[in-house]
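Commentary on secondary and tertiary structure
Chain by chain, the residues run as shown.
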Amino acid sequence: MMLEHLQVFLRIVECGGLAAAGRELGLSPATVSERLAALERHFGARLLHRTTRAISLTEEGRDLVEGGRRLLAEAEELETRIRLGVERLAGPIRLSAPLDLGRQRLSRLLDEVMDAHPEISVELTLSDGYVDLAAQGIDLAVRLGTLTDSSLKARRLADNARILCAAPDYLARHGVPGHPEALRHHDCLCMRFGDAIEASWPFVIDGRTRHLAVRGRRIANDGGLVRDWAVRGLGIARKSEWDIADDLAAGRLVPLLREYESAPGALQVVYPSGRTPSRRVRYVLDTLVKTFGGQPTPAALASRGG
């Protein structure tokens, strides 16, 4: 019964209110309130601050959110093992990934996982912004760049070069920049990450990394839109090699200033450090490592002409 109350509590937090949680669960507001009260009596602590307009977590409530998700995942894993046997993989997996990478590569890989294991279901959240794994109950997140959150564990998948690129049409109209300093005369397509605009691009010049300010008339928080702008000939973009590999191969985009390119970053998968991954999550994690680690990066293919 406490597990059922815990599920209701977590749904209240995710939905932002008792009434919304009740609608999702098919329960009346009174029933939701009763189950929350029963959980608070069980722990002897208030879990939520409630006003007529909003709810917020108490310190005890925040602890229960993190521990409760882990407890429910372990309980679900135990039930799955008992009901279906240890050789079958079943249950939901929640993943997060950048927009372009998720659409172009991760979604196809997850289709293969679900084809091989029909009892697995997937919820894929695509965002180029920061995603809080603990707050949103995410099992795995594929990310571009260096891990900065010490509450997460990470496994490296592959290198990730950031490549300057533009459409042949744009270069025919505006010329090909021969040096990073020439970018000041070009329309650059910039990404917004939260409150920050990525308008300072790194280059290795005379053996040293320098960040040069760029500018342009188009800024977006959607990497797919920035890629689309570049393909349409609207400016120069700085994109992950994994996002534009097909465009480079097809000639829709042309790489620029490769000799000044900074060292590649990392493509990696991260997951909460305080949670023991279920068998299905470990399976997907290992599949990601095997798939990305077992193939050349797009930049390596391009350098071989393949």
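Definitions and limits used
Residues numbered from 1 in each chain as written. Predicted model: local features only at pLDDT ≥ 70, side-chain atom pairs only at ≥ 80, totals over all residues. Heavy atoms only, no water. Helix = DSSP H or I, 4+ residues; strand = E, 2+ residues; numbered from the N terminus. Buried < 20%, exposed > 50% of the residue type's maximum accessible area, 1.4 Å probe, protein only. Contact = heavy atoms within 4.5 Å. Areas by Shrake-Rupley, 256 points an atom, 1.4 Å probe, with all protein chains shown as cover. Polar contact = N/O pair within 3.5 Å; in protein donor to acceptor, adjacent residues only side chain to side chain. Axes fitted to C-alpha atoms, helices over the stretch in contact; angles between N-to-C directions. Parallel < 35°, antiparallel > 145°, perpendicular 65-115°, else oblique. Left-handed = near helix turned anticlockwise from the far one by under 90°. pLDDT = per-residue confidence, 0-100.

1. Quick notes on the overall build of the protein
Each helix and strand in the protein was counted, giving 11 helices and 15 strands. Relative to its 306 residues, the protein shows a buried fraction of 41%. For the protein, restricting intrachain contacts to residue pairs at least 6 apart in sequence, the fraction spanning at least 24 positions comes to 74%. Per element, the accessible surface of the protein, about 16,000 Å² overall, is 49% carbon and sulfur.

2. Looking at the environment of arginine 11
Along the chain, the position of arginine 11 falls in helix α1 (residues 2-15). Here the alpha-carbon distance between arginine 11 and valine 32, two residues 21 residues apart in the chain, equals 9.9 Å. Those residues in contact with arginine 11 that sit more than four places away from it in its chain are Ala21, Glu24 and Leu25. Here the side chain of arginine 11 touches glutamate 14 through a polar contact of 3.2 Å, side chain to side chain.

3. Looking at the packing of α1 against helix α3 (residues 29-43)
Across the interface, α1 lies against α3 with an axial gap of 9 Å and an inter-helix angle of 115 degrees. Viewed along their axes, α1 and α3 adopt a mutual orientation that is roughly perpendicular. For the pair α1 and α3, the crossing hand works out as left-handed. Facing Met2, Glu4, His5, Leu6, Val8, Phe9 and Ile12 of α1, the residues of α3 in contact are Val32, Arg35, Leu36, Ala38, Leu39 and His42.

4. Looking at the confidence of the model for the protein
Per-residue confidence for the protein gives a mean pLDDT of 86; residues scoring 70 or more make up 90%. When the elements of the protein are averaged for pLDDT, helix α11 (residues 298-303) gives the smallest value, 50, and helix α7 (residues 168-174) the largest, 97.

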